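Chains, contacts and geometry: an overview
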Amino acid sequence: MNITKDMLLGDIMREEPDVVPILMSAGMHCITCPASLMESLAEAAAVHGIDIDDLMEYIEKSLELQKEDADSEA
């Protein structure tokens, strides 16, 4: 799945559950709030004062590392 800034948090978490701990480690603890499910990733980042471009890079790198770890265990 290719995560974009405009995707709703609810859709991201449903389609790519591995992103939940990544978002939480970035300081976005709001993802446990039902209202956040209808916010875009960019909107949620702005509310938390997180630069969306930095967050996108962090998500991408973190997911790549998770995939590499899973591939090396297989």
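Reference entry: report on the structure contained in this document. (Residues numbered from 1 in each chain as written. Predicted model: local features only at pLDDT ≥ 70, side-chain atom pairs only at ≥ 80, totals over all residues. Heavy atoms only, no water.)

1. Concerning the pattern of salt bridges
- On inspection of all chains with the given rule, the structure shows 4 salt bridges.
- For the salt bridge of aspartate 11 with arginine 14, the shortest nitrogen-to-oxygen distance reads 2.4 Å. Of this pair, aspartate 11 and arginine 14 are both found in helix H1 (residues 9–15), 3 residues apart, which corresponds to roughly one turn of the helix.
- Judged by its relative accessible area of 32%, aspartate 11 falls in the partly exposed class.
- Since its relative accessible area comes to 57%, arginine 14 is described here as exposed.
- Two residues, lysine 61 and glutamate 57, come together in a salt bridge whose shortest N-O distance is 3.0 Å. Of the two residues, lysine 61 and glutamate 57 both sit in helix H4 (residues 52–73), 4 residues apart, roughly one turn of that helix.
- Residue class for glutamate 57 comes out partly exposed when judged on its relative accessible area of 42%. (Salt bridge = Lys/Arg side-chain N within 4 Å of Asp/Glu carboxyl O. Helix = DSSP H or I, 4+ residues; strand = E, 2+ residues; numbered from the N terminus. Buried < 20%, exposed > 50% of the residue type's maximum accessible area, 1.4 Å probe, protein only.)

2. A word on the layout of surface pockets
- In this structure, the largest pocket encloses a volume near 200 Å³.
- By residue class, the composition of the lining of the largest pocket is 5 nonpolar, 1 polar and 4 charged. (1 Å grid on protein atoms, 1.4 Å probe; cavity = no way out; pocket = protein on both sides within 12 Å on 5 of 7 lines; lining within 4 Å. Points joined across faces, edges and corners; volume = space filled by probe spheres on them. Nonpolar A, V, L, I, M, F, W, Y, C, P; charged D, E, K, R; others polar.)

3. Here's the deal with the environment of serine 36
- Following the sequence through the fold, serine 36 ends up in the loop between helix H2 (19–25) and helix H3 (41–47).
- In sequence terms serine 36 and serine 62 are 26 residues apart; their C-alpha atoms lie 22 Å from each other.
- Contacts of serine 36, omitting those with residues within four sequence positions, involve Leu9, Cys30 and Ile31. (Contact = heavy atoms within 4.5 Å.)

4. Description of the nonpolar core
- Residues Ile3, Leu23, Leu41, Leu55 and Ile59 are the most contacted members of the largest nonpolar core, which totals 20 residues.
- At the level of secondary structure, the elements contributing two or more residues to this core comprise H1, H2, H3 and H4.
- Non-local contacts of leucine 23, meaning those with residues more than four positions away in its chain, are made with Leu9, Met28, Ile31, Leu41, Leu55 and Ile59. (Core = buried A, V, L, I, M, F, W, Y, C linked by side-chain atoms within 4.5 Å.)

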